[in-house]
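Coordinates in review
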Amino acid sequence: MTAPVGRFAPTPSGRMHLGNVFAALLGWLSVKSRGGSFVLRMEDLDTQRTSDEFAEILRQDLRWLGLTWDLETEAQSKRSAVYDRYFEMLESQGLLYPCYCTRSQLHSVNAPHLSDGTYVYPGTCRNLSEQEKAAFGRVPAWRVKVPDKIWTVEDFVQGTYRENLATHCGDFVVRRADGVYVYQLAVTVDDGEAGVTEVVRGMDLLSSAPRQMYLQSLLGFEHPQYAHVPMLMAPDGRRLSKRDKDMDLGFLQQHLKPEQLVGILGHACGLLPKPVAISPQELALSFSWEKVRKEDIYLDISPFL
């Protein structure tokens, strides 16, 4: 059996908070428990919010935790030419079209929305004539056409998840009007080229998996296995956020040893009966996805500080 390849792909826009650490730890444990390798990638498509300084801090934080990586791939901000090639591949299949819809149009009360408020693109620009396109007089975004088909994700944590892209999101954007490639295309290409066989990330990204599976099928990549882990929540019910500086590693390193933090997180998700200090290497020896909780985790770390 081929050894698994996992990855951690943080956005270098600030210090990692506990939710980021939690996803990185579980991803690392999963592949290392089976003799696999771990890839690090900086997702810095939004160059206005990210920096090399934060990228280096992220590397230092991972080393402090003991989450070493076997390979760091090229940052997304340096891969536009690579994404261009795959964009052209989609274009050659007749699957791309320009979209001139404004943000206000997409989110208007008259646009189709799901029960959670997410808009479903109705295909407004899918069949525009060349004359209609020219009349807009502005640079468009580009969307990929989606089929009326159900995609099934067999998730290590969440079980079976099914989604029809046509009714859940509609044709989705792969390149913005400013020329920047969006997350869905970039992450599909990056994971595919790096040979990633499993993707571990937060539950909030579960609905991205069918879109990426669709792109994988179009671009010739194998489908990785997925594990969408529960979200870490503050005791008052808030999701942890970089904006709120919730328990970032700069603060935690002043009060905890790395083994203590690993033990706290290992206990919180069900891997340990008690929050005892333990290294990632030790925890990997008994790791199993069957032990990991599925529901959101409300974590009060104050008793340990």
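The structure reproduced in this document is the subject of the present report. All of these numbers come straight from a predicted model, not from anything done at the bench.

1. Quick notes on the sheet that holds strand 3 (residues 71-72)
- With parallel pairing, the three strands of this open sheet are ordered in space as 1-2-3. The outermost strands of the open sheet, each flanked by one partner alone, are strand 1 (5-8) and strand 3.
- Bridging between strand 1 and strand 2 (residues 37-40) involves four bridges; their strand directions are parallel. Counted as the bridge partner of Phe-8 is Leu-40 from strand 2.
- Those strands touched by helix 1 (residues 18-32) are strand 1 and strand 2, and its axis lies near 145° from that of strand 2.

2. Description of the pairing of strand 4 (residues 96-99)
- Neither face of strand 4 is left uncovered, since the one carrying Leu-96 and Pro-98 and the one carrying Tyr-97 and Cys-99 both have all their residues buried.
- Across four bridges, strand 4 lies against strand 5 (residues 141-144) in antiparallel orientation. Counterpart to Leu-96 in the pairing with strand 5 is Val-144.

3. Description of the pairing of strand 10 (residues 225-229)
- Among the five residues of strand 10, four are classified as buried, and the element is accordingly described as predominantly covered.
- Relative to strand 10, strand 9 (residues 198-202) is paired through five bridges, and the arrangement is parallel. Note that in strand 10 the partner of Gly-202 across the bridge is Val-229.
- A crossover connection joins strand 9 to the parallel strand 10 through helix 8 (residues 208-219); in handedness this β-α-β unit is right-handed.

Here is what the cut-offs are and how they apply
- Residues numbered from 1 in each chain as written.
- Predicted model: local features only at pLDDT ≥ 70, side-chain atom pairs only at ≥ 80, totals over all residues.
- Heavy atoms only, no water.
- Pairing = 2+ DSSP bridges.
- Helix = DSSP H or I, 4+ residues; strand = E, 2+ residues; numbered from the N terminus.
- Contact = heavy atoms within 4.5 Å.
- Axes fitted to C-alpha atoms, helices over the stretch in contact; angles between N-to-C directions.
- Buried < 20%, exposed > 50% of the residue type's maximum accessible area, 1.4 Å probe, protein only.
- Right-handed = clockwise from strand over helix to strand, strands pointing away.

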